[in-house]
Amino acid sequence: MGGTLLSLALTLLGLLLVTFIIGRVMPIDPVLKVVGDRASQAQYEAAYRAMGLDQPLYIQFWRYIGDVLTGDFGRSISTGQLVVNDIKRVFPATFELATLGTLIGVFVGVPLGVIAAARRGGIIDQIARVVALVGYSMPIFWLGLMGLLVFYGILGWVGGPGRQGIIYDGMVPVVTGLILVDSLIAGDWGAFKDAFSHIILPASLLGYYSLAYISRMTRSFMLEQLSSEYITTARVKGLSERAVIWRHAFRNIQIPLVTVIALSFGSLLEGSVLTEIIFSWPGLGQYITNALLSGDMNAVLGGTVVVGICFVLLNLFSDLLYRVLDPRSK
């Protein structure tokens, strides 16, 4: 456990070093962004010293670590709010979207991959391979636009862009920031149905992207296990095919599958930018994108650090789950 914590600390230190360097090499003057173009030279220099930019880089980095550890990412130029407060506001939207997308990917992708491997060369295997290939090949922004056109514009089966319709916007008390959960807590079924109709399409698209990756990897892991000698022995002993597949082969792919699912969830957290933009989803990806376009480096670096920390925590969670699934790794 000590080695894991040391690795975690070093990874976070490396993440902060990378984001610190990015903030220094970007061709954006943070002082000018704060004081504006019409500031005098004296005002510019005063702000330069107040931001600590006159100090050596190692001192600036040390102060940067201290600020991040206390949750101080500075103030956003775009919103005028503390970056940490902005992230608290937008992150639940991304987390909710990525979680639902991952659940769709897992509950569809894992059984599909297992069945495809068990019936290698059959019709289900061919369908799974086509689904995975299309999921990998189709740009997510194209799928999003087509989904909006068909399911919202033509069929009217789902809600439009945004997290809620105009009627329910701002009507649900914020408790967790997760609109589905908050509407249930408030007992407002109308708001829940409205929020679900808005999230189901972008979550399904992200889920399809996740499904393509998870089903492909599950199939590959299962094929390797099903060709092992212990599987042949189990069949010779007379075990049913269901027991051979789910009790023996599938149990042995759980550990690598945990890594695949964790990586998929992490990629949806940081890679849902295009989906959030297309669906006007007020999440972290859209927040970072808007900040980057306006040169708001405090917001960009704050959002980047949060995404990086999520990846680190997901890896830590995977490591802990390994110990539960495989006692030999303790």
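These figures come from a predicted structure and were not determined experimentally.

## A few points about the overall build of the protein chain
Regarding its fold elements, the protein chain presents 15 helices and zero strands. Summarising its shape, the C-alpha atoms of the protein chain cover approximately 85 × 55 × 40 Å along the three principal directions. Burial analysis of the protein chain (330 residues in total) assigns 42% to the buried set. A total of about 18,000 Å² of accessible surface is found on the protein chain, and carbon and sulfur atoms cover 66% of it. Once the 23 positive and 21 negative side-chain charges of the protein chain are each reduced to a mean point, those two points are 11 Å apart.

## Some details on helix α14 (residues 284-293)
Spacing of three or four residues puts side chains on the same side of an α-helix, whose turn is 3.6 residues. Of the residues making up α14, those classed as buried are L284, G285, Q286, Y287, I288 and A291. In this structure, the buried residues of α14 make contact with α5 (83-118), α13 (273-278) and α15 (297-325). Two residues or fewer after α14 comes G295, characterised by a positive phi angle close to 70°.

## Quick word on the packing of aromatic side chains
Counted according to the given criterion, the structure contains nine aromatic pairs. Taking 6.1 Å as the distance between ring centres and 35° as the angle between the ring planes, the aromatic pair formed by F91 and F95 counts as tilted. Here F91 and its partner F95 are both found in helix α5, four residues apart, which amounts to about one turn of the helix. Ring geometry for F95 and F265: centres 6.0 Å apart, planes at 75°, overall edge-to-face. Remark: F265 occurs in helix α12 (residues 254-271) and F95 occurs in helix α5; sequence separation between them is 170 residues. A residue is classified by how much of its surface remains accessible, and F265, at 13% relative accessible area, is buried. Members of the aromatic cluster, connected to one another through ring pairs, are F20, F61 and Y64.

## Topic: the nonpolar core
Residues L16, Y64, I87, I199, L284 and Y287 are the most contacted members of the largest nonpolar core, which totals 41 residues. For this core, the secondary structure elements donating two or more residues are α1 (2-25), α4 (57-69), α5, α8 (179-185), α9 (189-226), α12, α14 and α15. Residues within four places of I199 in sequence aside, it is in contact with E96, L97, L100, L180 and W281. With 18 residues, the next largest nonpolar core counts A117, L226, I245 and V260 among its residues.

## With respect to the packing of α5 against α9
Contact pair α5 / α9: the axes reach a minimum separation of 5 Å and the direction vectors enclose 35°. For α5 against α9, the interelement crossing comes out right-handed. In terms of residue class, the contact of α5 with α9 is built from 20 nonpolar, 10 polar and two charged.

## Observations concerning the environment of Q60
As for its position among the elements, Q60 is in helix α4. Here Q60 falls in the buried class, since its relative accessible area comes to 8%. Sequence separation between Q60 and A39 is 21 residues, and the spatial gap between their C-alpha atoms is 24 Å. Apart from residues lying up to four places away in sequence, Q60 is in contact with F20, R24, G52, L53 and Q55.

## Some points on the pattern of salt bridges
Tallied over the entire structure, the rule returns four salt bridges. Between R89 and D86 there is a salt bridge, with its nearest N and O atoms 3.3 Å apart. In this pair, R89 and D86 are both assigned in helix α5, three residues apart and thus about one turn of the helix distant.

## Looking at the side chain of D182
Counting through the fold element by element, D182 comes out in helix α8. No salt bridge is formed by the buried D182. Its closest oppositely charged neighbour is R163, at 6.8 Å. A polar atom in the side chain of D182 sits 3.2 Å from the backbone nitrogen of V175. Ignoring sequence-local partners within four residues, the contact set of D182 consists of V172, P173, V174, V175, T176 and G177.

## Description of the packing of α9 against helix α11 (residues 241-252)
α11 packs onto α9 with a crossing angle of 115° between their chain directions and a minimal axis gap of 9 Å. What the angle tells us is that α9 and α11 run roughly perpendicular. Considering how the two elements wind past one another, α9 and α11 form a crossing that is right-handed. Along the contact surface, α9 presents M222, Q225 and L226, while α11 presents I245, A249, F250 and N252. Its residues placed into classes, the contact of α9 with α11 shows five nonpolar, two polar and no charged.

Definitions and cut-offs
- Residues numbered from 1 in each chain as written.
- Predicted model: local features only at pLDDT ≥ 70, side-chain atom pairs only at ≥ 80, totals over all residues.
- Heavy atoms only, no water.
- Helix = DSSP H or I, 4+ residues; strand = E, 2+ residues; numbered from the N terminus.
- Buried < 20%, exposed > 50% of the residue type's maximum accessible area, 1.4 Å probe, protein only.
- Areas by Shrake-Rupley, 256 points an atom, 1.4 Å probe, with all protein chains shown as cover.
- Lys, Arg positive; Asp, Glu negative; His and termini not counted.
- Charge placed at Lys NZ, Arg CZ, Asp CG, Glu CD.
- Contact = heavy atoms within 4.5 Å.
- Phe/Tyr/Trp six-rings, centres within 6.5 Å; stacked < 30°, edge-to-face > 60°.
- Core = buried A, V, L, I, M, F, W, Y, C linked by side-chain atoms within 4.5 Å.
- Axes fitted to C-alpha atoms, helices over the stretch in contact; angles between N-to-C directions.
- Left-handed = near helix turned anticlockwise from the far one by under 90°.
- Nonpolar A, V, L, I, M, F, W, Y, C, P; charged D, E, K, R; others polar.
- Salt bridge = Lys/Arg side-chain N within 4 Å of Asp/Glu carboxyl O.
- Polar contact = N/O pair within 3.5 Å; in protein donor to acceptor, adjacent residues only side chain to side chain.
- Parallel < 35°, antiparallel > 145°, perpendicular 65-115°, else oblique.

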